[in-house]
Amino acid sequence: MTLTHEQDDRAGDELVRSLLGIGALTPEWAEAFRAAPRARFLPDLVWPYDMATGRSVRVARGEDPEAWQRAAYADVPLVTQWDDGRHTGGEPGTVATSSASMPYVVASMLRDLDVSDGMRVLEVGTGTGWNAALLAHRLGGSHVVSVEIDPAVAEQARAALKRAGLSPQVIRGDGGDGWPDGAPYDRVVATAGVRAVPPSWLEQTRPGGIVLAPWGAHYSDQDALVRLTVDEDGSASGPFLSMVEFMKLRAQRLDWNRFRGHVPAFPGDADVSRTRLTLADLGGRYTSSRFVTGLCVPDCAHVVNEGGDGAAKAWFFDLTSRSWAAVAFSADEPDAVVCQSGPRRLWDEVERALTWWGEKGRPDLARFGLTVRPDGTARPWLDRPADVVAFA
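The paragraphs below set out a description of the structure included in this document.

Tallying secondary structure elements over the chain gives nine helices and 18 strands in all. Relative to its length of 392 residues, the chain is compact, with a C-alpha radius of gyration of 22 Å against a globular reference of 21 Å. If you line up the chain on its principal axes, its C-alpha atoms span 65 × 55 × 40 Å. Looking at the chain as a whole, 50% of its 392 residues qualify as buried. When the accessible surface of the chain is summed, it comes to about 17700 Å², and 49% of that surface belongs to carbon and sulfur atoms. Computing the positive centroid from 41 side-chain charges and the negative centroid from 53, the chain places the two 1 Å apart.

The structure is reproduced here in structure tokens:
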């Protein structure tokens, strides 16, 4: 069965109406979404990601075109590449490395980018080419540069853009370097998460211009969309807008193998204590408490290993030394057992951060922001740039 253009257009119109209805899509972007629908930039094999279960399921256009179309216009992220292209076959790979972001996030980011006619935009992370297509339709292809690190992904995006009659400049390169040949830009938008804002993005943005990027600490996979306005001195500052989660720039991915030597024996020489904090106090996915802890406890990676019957162990690893901490939670015990080793007392820092957050009234993400210096050094703040988060 082959779907008709009319069916495709109806599905696209329904998505536009839905996004307009919830305020993610603004009227000035509606025509671009209709003219460059998401489905036209997708490969024939995609893996829709279920946010609730964390699972990705194969959907092939040639096998089930109706299911493929439902996935294409559903408000879910679609994995389009696994394992940096080394993966073959129909089953999900190990690590998702390219995707089509959920339409809600795409529309929200374009809204927050706040472009106007005549602006030049640098996009970092071309992916399928859909976001570049929307920008090119709104601003004109000559005003949009998109950089993609993966040669196969870049070539597929170029082909899709050509079929759509759109001509942004697609560069195969490391997005962390930006694209100086096209600078200065009025806007830089990243569709990959960063743990450090590359100085090149600030250098290539004109004073008063905006860098919009998913930013977070290595503490978790969480990102928060930050909107930075570039100053005359080359620094940039601005608020966090919303919680998101993006695939990270390849150069800034966290290699968990680096922690293999941190715990040669457990508990070894670790100091043992107890805490009244619970696993829930640490926060979960998309919670402010977890993100704020990452702001307050820099250079720390955190992961939770869930067990049965309410048992879990939270691990904390220092990125700059061999310090580590582990907290064992049990449903049967009111106090959790804490083990800490090394010169840095990571669990003490986490407790102090959560206590500080509570004393401040548990402020949510919207009250925090970030200042980035020209060299890329970042300083998070609460309420205003002068009030730097002390722990960082």
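We are not done yet, so read on.
Below, the discussion takes up the side chain of Gln81. Secondary-structure assignment places Gln81 in strand 3 (residues 78-82). For Gln81, a relative accessible area of 9% corresponds to the buried category. At 3.1 Å, the side chain of Gln81 forms a polar contact with the side chain of Asp150. If we ignore the near neighbours within four places in the chain, the residues touching Gln81 are Val95, Ala96, Thr97, Ser98, Asp150, Val153 and Arg250.

Attention now moves to the nonpolar core. Across soluble globular proteins, nonpolar side chains have a tendency to be buried as a group. Formed by 53 residues in total, the largest nonpolar core has its most connected members in Trp201, Trp215, Phe240 and Phe316. Contacts of Trp201, omitting those with residues within four sequence positions, involve Val124, Gly175, Gly176, Gly178, Val188, Ala190, Val194, Val211, Ala213 and Leu249. Counting residues in each nonpolar core, the second largest holds 49 residues, with Val46, Ala100, Met102 and Trp130 among its members.

With that settled, the discussion passes to the side chain of His262. Structurally, His262 is set in the loop between strand 11 (236-244) and strand 12 (271-275). By relative accessible area, His262 is classed as buried at 6%. Here Asp318 takes part through its backbone oxygen, which lies 3.1 Å from a polar atom of the side chain of His262. Setting aside chain neighbours within four positions, we find His262 in contact with Phe317, Asp318, Ser321, Arg322, Ser323 and Trp324.

Turning our attention to the sheet that holds strand 13 (residues 300-306). With respect to topology, five strands assemble into an open sheet ordered 12-16-15-14-13, the strand pairing being antiparallel. Each having just a single partner strand, strand 12 and strand 13 make up the two edges of the open sheet. Sheet twist, expressed as the average angle between the axes of neighbouring strands with direction ignored, equals 20 degrees. Strand direction decides the pairing type here: strand 12 and strand 16 (residues 336-341), joined by five bridges, are antiparallel. Considered in strand 16, the bridge of Ser273 is made with Val338. Sitting on the sheet, helix 9 (residues 346-359) is in contact with strand 12, strand 13, strand 14 (312-318), strand 15 (324-329) and strand 16, with an inclination near 105 degrees to strand 14.

This part is about the packing of aromatic side chains. Summed over the entire model, instances satisfying the criterion amount to 14 aromatic pairs. Centroid distance Phe259 to Phe317: 4.9 Å. Interplanar angle 15 degrees. Geometry classified as stacked. Of the two residues, Phe259 is situated in the loop between strand 11 and strand 12 and Phe317 in strand 14; the sequence distance between them amounts to 58 residues. A relative accessible area of 5% means that Phe259 is categorised as buried. Put simply, the rings of Trp256, Phe259, Phe266, Trp315, Phe317 and Trp324 pair up and form one aromatic cluster. Here the basic side chain of Arg138 rests over the ring of Trp29, its NZ or CZ set 4.9 Å away from the ring centre.

Each value, and the rule that gives it
- Residues numbered from 1 in each chain as written.
- Predicted model: local features only at pLDDT ≥ 70, side-chain atom pairs only at ≥ 80, totals over all residues.
- Heavy atoms only, no water.
- Helix = DSSP H or I, 4+ residues; strand = E, 2+ residues; numbered from the N terminus.
- Rg over C-alpha atoms; globule rule 2.2 N^0.38 Å.
- Buried < 20%, exposed > 50% of the residue type's maximum accessible area, 1.4 Å probe, protein only.
- Areas by Shrake-Rupley, 256 points an atom, 1.4 Å probe, with all protein chains shown as cover.
- Lys, Arg positive; Asp, Glu negative; His and termini not counted.
- Charge placed at Lys NZ, Arg CZ, Asp CG, Glu CD.
- Polar contact = N/O pair within 3.5 Å; in protein donor to acceptor, adjacent residues only side chain to side chain.
- Contact = heavy atoms within 4.5 Å.
- Core = buried A, V, L, I, M, F, W, Y, C linked by side-chain atoms within 4.5 Å.
- Pairing = 2+ DSSP bridges.
- Axes fitted to C-alpha atoms, helices over the stretch in contact; angles between N-to-C directions.
- Phe/Tyr/Trp six-rings, centres within 6.5 Å; stacked < 30°, edge-to-face > 60°.
- Lys NZ or Arg CZ within 6 Å of the ring centre and 35° of its normal.

As far as function goes, none of this settles anything; it's purely spatial.
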